[in-house]
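Observations on chain architecture
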Amino acid sequence: MVRRLAKAVLTVFLVSTLTFFLVRLLPGNPVDTYIQTQIAQTGISYDDAAAQAKNLFSLDPDEPLILQYVQYMANLLQGDFGTSLLSPGTTVAQVIQTYLPWTLFSVGIAQILSFVIGIVAGMIMAYRRESWIDHLLTSVGSLLHAIPNYIVAILIVVFLGVKLQVFNLTEARGSYTPGVEPSFSLYFLNDILYHATLPILAYLLTTVGSWALVMKSSTVETLGEDYVTVARARGLTDGRIRAGYVGRNAVLPLFSQLAVSLGFVVGGSIFVEKIFGYQGIGYSLYNAVSGRDYPVLQGIFLVVTISVVVANLLADVLYSRLDPRIRVGGKAKG
C-alpha cells in the first residue's frame with residue numbers, strides 16, 4: 001500500500017508539472033488580450049498595461065516560466081489553485097466547488113443506472129446464448145459502445161428536443177432553474193433531475209452497452225468453472241446457483257472497473273455538458289480552454305488526475321476485499 005501511495009503522489013506531481021507547461025503552449029491568453037486592448041484603447045505603454053494586468057490578474061506576464069512554475073507548485077502545496085483569469089477575484093477552488101457537484105450528480109446517477117442495467121442485460125445474454133435476445137442485445141450493446149457520447153448528445157437534441165419536442169431545450173439548460181433557491185426539498189430535487197435528465201440519458205446510452213458485454217463475457221467464463229458444475233451436481237436450484245455462485249463471482253471484475261470509470265467522470269463530461277448547456281465541471285473546462293484560463297485549466301486537470309488516481313487505489317482495495325482469493329494470495333506472498 002505504501003508503494004501504491006508513493007506512485008499515486010508521483011503521478012499527481014508529474015501530471016501537474018506536465019499540465020503547467022502544456023497549457024502555456026496554447027496560443028493567446030486573457031492577460032495578453034487585456035494588455036493589447038489597453039494599449040489600443042488608451043494608448044498607454046506596454047509596461048503600464050502589463051502592470052495593470054499584473055494587478056488585475058495577479059500574474060506577471062514577463063516573469064520567467066520557471067519562476068512561475070516554482071510559485072505554482074509552492075501554492076499547490078498550500079492548497080492554493082490560483083485565481084481565474086476570466087473572472088478576476090474568483091478563485092479556482094470556488095469554480096471547482098461551484099460546478100463539480102453537478103457533474104458528480106448527473107454522471108454518478110448515469111453510472112449507477114448503467115451498471116445495474118448492464119449487469120442484468122449481461123446475465124440474460126449469457127444464459128440465453130445464441131438466442132434471438134442474445135443477438136439483439138449484443139448488437140445493440142456493441143453499437144452503443146462504439147458511438148461517442150457527444151454524438152449521442154447531438155442525436156438527443158435533434159430528435160427529443162427538435163423533432164419530437166419532448167424536452168424544451170431552452171428550459172432544460174443550466175443545472176437548475178434560475179430563481180429557484182437550492183434546498184433539501186422534493187421540489188428542488190425534481191428541478192435538478194429535470195435539468196440533468198438529458199446528460200444522464202447520454203451517459204447512460206453510451207456506457208450501458210460496454211457493461212452488458214463485459215458482464216456477458218464474465219458470466220460465460222464463470223459458468224464454465226468447476227465450482228458451478230459441482231453446485232449443479234449437488235442439486236442446487238438454478239436461482240441459487242445464479243445468485244450465490246455465478247452472479248457474485250462474475251460481477252467482481254466489474255466492480256473494480258466501476259471504481260476506475262468513476263474517476264473519469266470529470267474529463268468525460270466536457271462535450272456533453274456543452275451541448276446541453278448543463279453547467280457542470282465539463283462546461284467550465286470547455287470555457288476555460290476557449291478562454292485560455294490557465295489557472296482553471298490546471299485546477300480542473302489536477303482534480304481529474306487526483307480522481308483517477310484515487311479511483312485506481314479504491315479499485316485495488318475493493319477488488320481485494322470482494323475476492324478472498326486476492327487476499328489469500330497477498331498474505332501468502334507476504
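Residues take numbers from 1 onward in each chain, read along the sequence in its written order. Only residues with pLDDT of at least 70 get local features here, since the model is predicted, and only at 80 or more are side-chain atom pairs given and counted; chain-wide, interface and lining totals rely on the full set of residues. Working from all heavy atoms in the structure, the side-chain values ignore hydrogens and water.

By the naming in an unreviewed UniProt entry, the protein goes by ABC transporter permease and is assigned to Kribbella sandramycini.

With that out of the way, let us pick up the nonpolar core. In terms of nonpolar packing, the biggest core is built from 19 residues, with Ile156, Ala202 and Phe276 touching the most fellow members. Labels follow the DSSP assignment, with helices taken as runs of H or I lasting at least four residues and strands as runs of E lasting at least two, numbered in each case from the N terminus. Secondary structure elements with two or more residues in this core: helix H5 (92-127), helix H7 (149-163), helix H9 (186-223) and helix H13 (270-276). In this structure, Val92, Ala288, Tyr294 and Val304 belong to the second largest nonpolar core, which totals 15 residues. Only buried residues count toward a nonpolar core, which is a set of Ala, Val, Leu, Ile, Met, Phe, Trp, Tyr and Cys residues joined through side-chain atoms within 4.5 Å. Categorising residues by exposure relies on relative accessible area from a 1.4 Å probe, with only protein chains included: less than 20% of the type maximum marks a residue as buried, more than 50% marks it as exposed, and the intermediate range marks it as partly exposed.

Aromatic rings from Phe, Tyr and Trp, with only the six-membered ring used for Trp, were paired whenever their centres fell within 6.5 Å, and each pair was classed as stacked if the ring planes differed by under 30 degrees, edge-to-face if by over 60, and tilted otherwise. Taken as a whole and assessed by the stated rule, the structure comprises 10 aromatic pairs. Between tryptophan 102 and tyrosine 176, the aromatic rings sit 5.5 Å apart at their centres with planes inclined by 45 degrees, giving tilted as the arrangement. Of the two residues, tryptophan 102 is situated in helix H5 and tyrosine 176 in the loop between helix H8 (169-172) and H9; the sequence distance between them amounts to 74 residues. According to the relative accessible area criterion, tryptophan 102 is buried, its value standing at 16%. Through pairs of rings, three or more aromatic residues link up here, namely Phe20, Phe21, Tyr69 and Tyr72.

On to the pattern of salt bridges. Within this document, salt bridges are pairs made up of a side-chain nitrogen of Lys or Arg and a carboxyl oxygen of Asp or Glu, the two lying within 4 Å of each other. What the rule picks out here adds up to 1 salt bridge. A salt bridge links lysine 216 to aspartate 134, with the nearest nitrogen and oxygen atoms 3.0 Å apart. With a gap of 82 residues between them, lysine 216 in helix H9 and aspartate 134 in helix H6 (residues 132-146) connect regions that are remote in the sequence. Aspartate 134 shares its class with lysine 216; the two are buried.

Let us look at helix H4 (residues 65-77). Between its terminal C-alpha atoms H4 stretches 19 Å, which fits the 18 Å expected from 13 residues at 1.5 Å a residue. For H4, the complete set of buried residues consists of Gln68, Tyr69, Tyr72, Met73 and Leu76. Seen from one end, H4 has its buried residues packed into an arc of 130 degrees, which puts them on one side. Downstream of H4 by one or two residues, glycine 79 has phi in the positive range, about 80 degrees. For a helix, the expected span equals 1.5 Å multiplied by the number of residues minus one. In this description, one arc is meant: the one made by directions from the helix axis to the C-beta atoms.

Looking at the secondary structure, you find glutamate 171 in helix H8. Contact between two residues is taken to exist if any of their heavy atoms lie within 4.5 Å; hydrogens are not considered. What glutamate 171 contacts, discounting residues up to four positions off in sequence, is Tyr194 and His195.

Taken together, Tyr150, Ile151, Ile154, Leu155, Val158, Phe159 and Phe271 make up a surface patch of nonpolar side chains, about 590 Å² in accessible area. Among the elements that take part in the nonpolar patch, H7 stands out by supplying 6 residues, more than any other. Within the fold, phenylalanine 271 resides in helix H13. For phenylalanine 271, a relative accessible area of 46% corresponds to the partly exposed category. Exposure above 30% relative accessible area and the absence of a salt bridge qualify a residue for a patch, where like charges join within 9 Å and nonpolar side chains (Val, Leu, Ile, Met, Phe, Trp, Tyr) within 5 Å. What sets the accessible areas is the Shrake-Rupley method with a 1.4 Å probe; for residues, cover comes only from the shown protein chains.

Below, the discussion takes up the packing of H5 against H6. The packing of two helices is summarised by the inter-axis angle and the distance between the axes. Contact geometry for H5 and H6: axes closest at 8 Å, N-to-C directions at 140 degrees. Considered as vectors, H5 and H6 are oriented oblique to each other. Along this stretch, H5 crosses H6, giving a crossing that reads as left-handed. Listed contacts from H6 to Ala121, Ile124 and Met125 of H5 are Ile133, Asp134, Leu137 and Thr138. Think of each axis as a best-fit line through the C-alpha atoms, taken over the contacting stretch in the case of a helix, with angles from 0 to 180 degrees between the N-to-C directions. The labels follow the angle: roughly parallel below 35 degrees, roughly antiparallel above 145, roughly perpendicular from 65 to 115, and oblique for the rest. Crossing chirality is assigned from the near helix's rotation relative to the far helix, an anticlockwise turn below a right angle marking it left-handed and a clockwise turn marking it right-handed.

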